[in-house]
Amino acid sequence: MGRKGNFNDGERPKKGPGRKSRKQKDPEIVPHIKKLIDAEEEPKKLGHRQKQRIVRRLKKKQEKTEKRKENKKLQKEARLAEKEEKKKPSINVVQEIEKKTNKQSREDDGDLTNKKKKRGFSDENSDWLKPKKAKLSKKDEDEDDSDEPGTRDSDDDEHYKLESLNDLDDSEGEDDSSGSDEEDEEEDDDDSEEDEDSGHESEEEGGEEGSDDELPIEKAAKKLKKKQAKEEKLADEELQMNIADHEVFAFPSEEEADKVVSIPEIEQRIKDVLMVLGNFKQYRDPNRSRCEYMELLKKDLCTYFSYNEFLMERIIQIFPLDELMAFLEASETQRPLTIRTNTLKTRRRDLSQALVNRGVNLDPIGKWSKVGLVIYNSTVPIGATPEYLAGHYILQGASSMLPVAALAPQPNERILDMCAAPGGKASHIAALMKNTGVLFANDVSKERSKAIVGNFHRLGVMNSVVTCLDGRQYTKVMKGFDRVLLDAPCTGTGVISKDTGVKTNKEPLDVQRCYTLQRDLILQAIDSLNARSPSGGYLVYSTCSILPEETKLSSTMH
Ligand SMILES: C[S@@+](CC[C@H](N)C(=O)[O-])C[C@H]1O[C@@H](n2cnc3c(N)ncnc32)[C@H](O)[C@@H]1O
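Values in this document were obtained by computation on a predicted structure and should not be read as measured data.

### Looking at the overall build of the protein chain
From N to C terminus, the protein chain includes 25 helices and nine strands. Once local pairs closer than 6 in sequence are excluded, the contacts in the protein chain between residues at least 24 apart make up 72%.

### Some points on the site of the ligand
The ligand sits among 18 residues. The nearest are Cys419, Gly424, Val444, Gly471 and Asp487. Classifying every residue of the shell around the ligand gives seven nonpolar, five polar and six charged.

### Re the packing of helix α13 (residues 290–305) against helix α14 (residues 309–318)
Axis separation between α13 and α14 bottoms out at 10 Å; the angle between their running directions is 120°. One way to sum up the angle between α13 and α14 is to call them oblique. You can see that α13 and α14 cross each other, and the crossing is right-handed. In this structure, α13 contributes Lys298, Leu301 and Cys302 to the contact, and α14 contributes Glu309, Met312, Glu313 and Ile316.

### Some remarks on the sheet that holds strand β2 (residues 360–364)
Whether parallel or antiparallel, the strands of a sheet pair through hydrogen bonds between backbone atoms. Taken in spatial order, the four strands make up an open sheet running β2-β3-β1-β4, and their pairing is antiparallel. Strands at the two margins of the open sheet, each flanked by one partner only, are β2 and β4 (393–395). With direction set aside, neighbouring strand axes in the sheet form an average angle of 35°.

### Quick word on the pairing of strand β6 (residues 438–442)
For a regular strand, the rule is simple: side chains alternate between the two faces of the sheet. In terms of residue burial, β6 counts as a mostly covered element, since four of its five residues are buried. With helix α19 (residues 424–432) bridging strand β5 (residues 414–417) and the parallel β6, this β-α-β connection has right-handed handedness. As paired strands, β6 and strand β7 (residues 464–467) are joined by four bridges and run parallel to one another. Each bridged residue has a counterpart across the sheet, and for Phe440 the counterpart in β7 is Val465.

### Some remarks on unusual backbone geometry
A cis geometry characterises the amide bond from Ala421 onward to Pro422, with omega recorded as 5°. Of note, Ser306 is a non-glycine position whose phi angle comes to about 60°, a positive value. Here Ser306 shows up in the loop between α13 and α14. Unusually for a residue other than glycine, Asn435 sits at a positive phi of about 60°.

### Points about the packing of helix α11 (residues 263–278) against α13
Packing of α11 against α13 leaves a shortest axis separation of 9 Å and a crossing angle of 145°. For the pair α11 and α13, the crossing hand works out as left-handed. Residues Ile263, Ile266, Glu267, Arg269, Ile270, Val273, Val276 and Leu277 of α11 pack against Tyr293, Leu296, Leu297, Asp300, Leu301, Thr303 and Tyr304 of α13. Partitioning the contact of α11 with α13 into residue classes produces eleven nonpolar, one polar and three charged.

### Examining the sheet that holds β5
If you walk across this open sheet you meet the five strands as β7-β6-β5-β8-β9, and the pairing is parallel. The open sheet terminates on both sides in strands that have one partner only, identified here as β7 and β9 (538–542). Taken over all neighbouring pairs, the strand axes of this sheet differ in orientation by 15° on average, direction set aside. Relative to the sheet, helix α23 (residues 508–528) contacts β5, β8 (483–487) and β9, its axis offset from that of β8 by approximately 170°.

### Side note on the nonpolar core
Core analysis: the biggest nonpolar cluster contains 50 residues, and Met418, Ile429, Leu439, Val484 and Leu486 have the highest contact counts within it. For this core, the element with the most residues is α23, which contributes six residues. Taken domain by domain, the makeup of this core includes at least three residues from each of domain 4 (336–396) and domain 5 (400–556). Leave out the neighbours within four places in its chain, and Leu439 touches Ile415, Asp417, Ala426, Ile429, Ala430, Met433, Asn463 and Ser464. Val273, Val276, Leu297 and Leu301 belong to the second-largest nonpolar core, a separate cluster that totals eleven residues.

### A word on α13
Counting along an α-helix, one turn takes 3.6 residues, and residues three or four places apart therefore face a common direction. The terminal C-alpha atoms of α13 lie 22 Å apart, and with 16 residues this matches the ideal 22 Å at 1.5 Å per residue to within 8%. Among the residues of α13, Tyr293, Leu296, Leu297, Asp300 and Leu301 are the ones counted as buried. Mapping the buried residues of α13 onto a view down its axis gives an arc of 135°, with all of them on the same face. On the buried face of α13, the contacting elements are α10 (254–258), α11, α14 and α15 (321–330). Taken from the residues just after α13, Ser306 is the one with a positive phi, measuring 60°.

### Looking at the environment of Asn71
Relative to the assigned elements, Asn71 resides in helix α3 (residues 48–87). Given 11 C-beta atoms within 10 Å, Asn71 falls into the exposed group. Separated by 146 residues in the primary sequence, Asn71 and Ile217 have C-alpha atoms spaced 9.7 Å apart.

### Here we look at the environment of Lys479
Here Lys479 shows up in the loop between α21 (474–477) and β8. On the neighbour-count criterion, Lys479 (14 C-beta atoms within 10 Å) is partly exposed. A sequence separation of 65 residues divides Lys479 from Arg414, and the C-alpha atoms of the two residues are 9.8 Å apart. In contact with Lys479, not counting residues within four places along its chain, are Asp527 and Ser528.

### What about the confidence of the model for the protein chain?
Looking at the protein chain, the pLDDT average stands at 77 and 66% of residues meet or exceed 70. Under a pLDDT of 50 for its full length, residues 88–98 has, in the predicted model, seven contacts with residues more than four places off or in other chains. Two summary scores accompany this predicted model of the complex, namely pTM at 0.59 and ipTM at 0.99.

### Brief notes about helix α16 (residues 348–357)
Every buried residue belonging to α16 is among Arg348, Leu351 and Leu355, and all of these are buried. On an axial view of α16, the arc spanned by its buried residues comes to 65°, and they lie on one face. Seen from the buried face of α16, the exposed residues on the opposite side, beyond 90 degrees, are Arg349, Gln353, Val356 and Asn357. Buried residues along α16 sit against β1 (337–341), β2, β3 (372–378), α17 (386–389) and β4.

Conventions we followed
- Residues numbered from 1 in each chain as written.
- Predicted model: local features only at pLDDT ≥ 70, side-chain atom pairs only at ≥ 80, totals over all residues.
- Helix = DSSP H or I, 4+ residues; strand = E, 2+ residues; numbered from the N terminus.
- Contact = placed C-beta atoms within 7 Å.
- Near = placed C-beta within 6 Å.
- Nonpolar A, V, L, I, M, F, W, Y, C, P; charged D, E, K, R; others polar.
- Axes fitted to C-alpha atoms, helices over the stretch in contact; angles between N-to-C directions.
- Parallel < 35°, antiparallel > 145°, perpendicular 65-115°, else oblique.
- Left-handed = near helix turned anticlockwise from the far one by under 90°.
- Pairing = 2+ DSSP bridges.
- Buried ≥ 20, exposed ≤ 12 C-beta atoms within 10 Å, placed from the backbone.
- Right-handed = clockwise from strand over helix to strand, strands pointing away.
- Core = buried A, V, L, I, M, F, W, Y, C linked by C-beta atoms within 7 Å.
- Domains from an automatic or database assignment.
- Expected span 1.5 Å × (residues − 1).
- Arc of directions from axis to C-beta.
- pLDDT = per-residue confidence, 0-100.

The following block contains the structure:
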């Protein structure tokens, strides 16, 4: 027996787990969850790349803010410069004077407060806006030396000021970088804007512009501005000169007038002379007569439009000055391509459809015609389509349809076309007569008469007799017509765009020959009419000329 030994120093050995607890182990935390908990508790350790990314992000942010600030600064400077330009006659001169005075005052008196005043620092700002010594990099120093050696002092001062402002911006920039929100950035930007404003105010008061501290982009902007201003000034001057030229047109001397000048110069002279002639009292040279101006105009127009003097003279006589140019310009322009539907074979609507199906872009010629079509463009040759060969239409100028419309032929009449080849108008007459009655299609030229026959065959004209006689003798063969069309041979001065040869190949004798023949033909045409015709007794006379000798009845009939 005896006492039990206490070998554990009063501690009783723990009883082992019971039967149940032996079966169920203590709860354990799963290793991957444990890892997560540990990670949360431990401070974050950034990887090398992450750190680099953050640094880059911060740098970018900083650059962005600086860039924005610079841009705003530039814009403000530009605005200020504009204002100053408007206010001051020559900013360069003023700047120069101010720079000199600044330098002088600093040399005389090294007082910093004086400088502050010049820079526009107020007393309230003086604590933090103390200019400090510029820390110019070597590069900057070099640039300063090379650009403006004479203005170094003042430039340095300008640099002080900018630096002190930049310091302020930088400190805010640090704040920027610490803040991560966009809003914060914006707020900071606004603040810096205010600071910039104050900086500019000081600049304005100081009246100086830093030239060496400017960024290349600033310099380029200023350069561009100067260039633009210069160009504008030049343009203004040029305009003034032009106005002056227009106001006083100096009549060229004989030598000058004979001199070969360029087409644009001639064009300008034509305009000038027309202007003088339009207001002769005001613009004339008192030593020159109207005839002299007209002579100069005629000469220039001949050169410009390539006419012979005779025809130009005639045209000038016909048209008033404002219509003269319009006529000459129109004679240079090609007329639109037009066709006439042959109603003996088809209707305009059907023809249009057929041609549209072939890729022709067309329109009715106008309300005044039921048969005319104007062709804008076509994928097929208009003079060779199946419809053309079948005689569904004929190529005919719009103006050529008018004499027949005036003649107004009726079915069952007896009608004469005295000068009919190649038969364009004659076939139109036949169509309006609906192939009834009798149409005499005459032409003095045998060769051209064959064209009448050909066209009539193609177009299906069946009521015609083609004759080849001199119209001046026609009454000797036949007379008693209800209507007569005399589409007389002429100088063709009304269709110069169709035949530009007219500009140079017409002489007074040609006109005279034409109107003599026309007069004889008219007399015959009148004689060939049946004055007692129940439905007609009409004569239509037409030409392609604009000359009064050929077109005016009083000048044709004596
Ligand atoms: C302007 S063209 C006629 C065009 C025609 N009317 C047409 O629409 O197709 C003038 C025609 O007159 C003809 N001619 C000229 N002198 C003539 C004369 N003495 N008698 C008849 N015809 C003449 C010419 O041969 C020429 O074909």
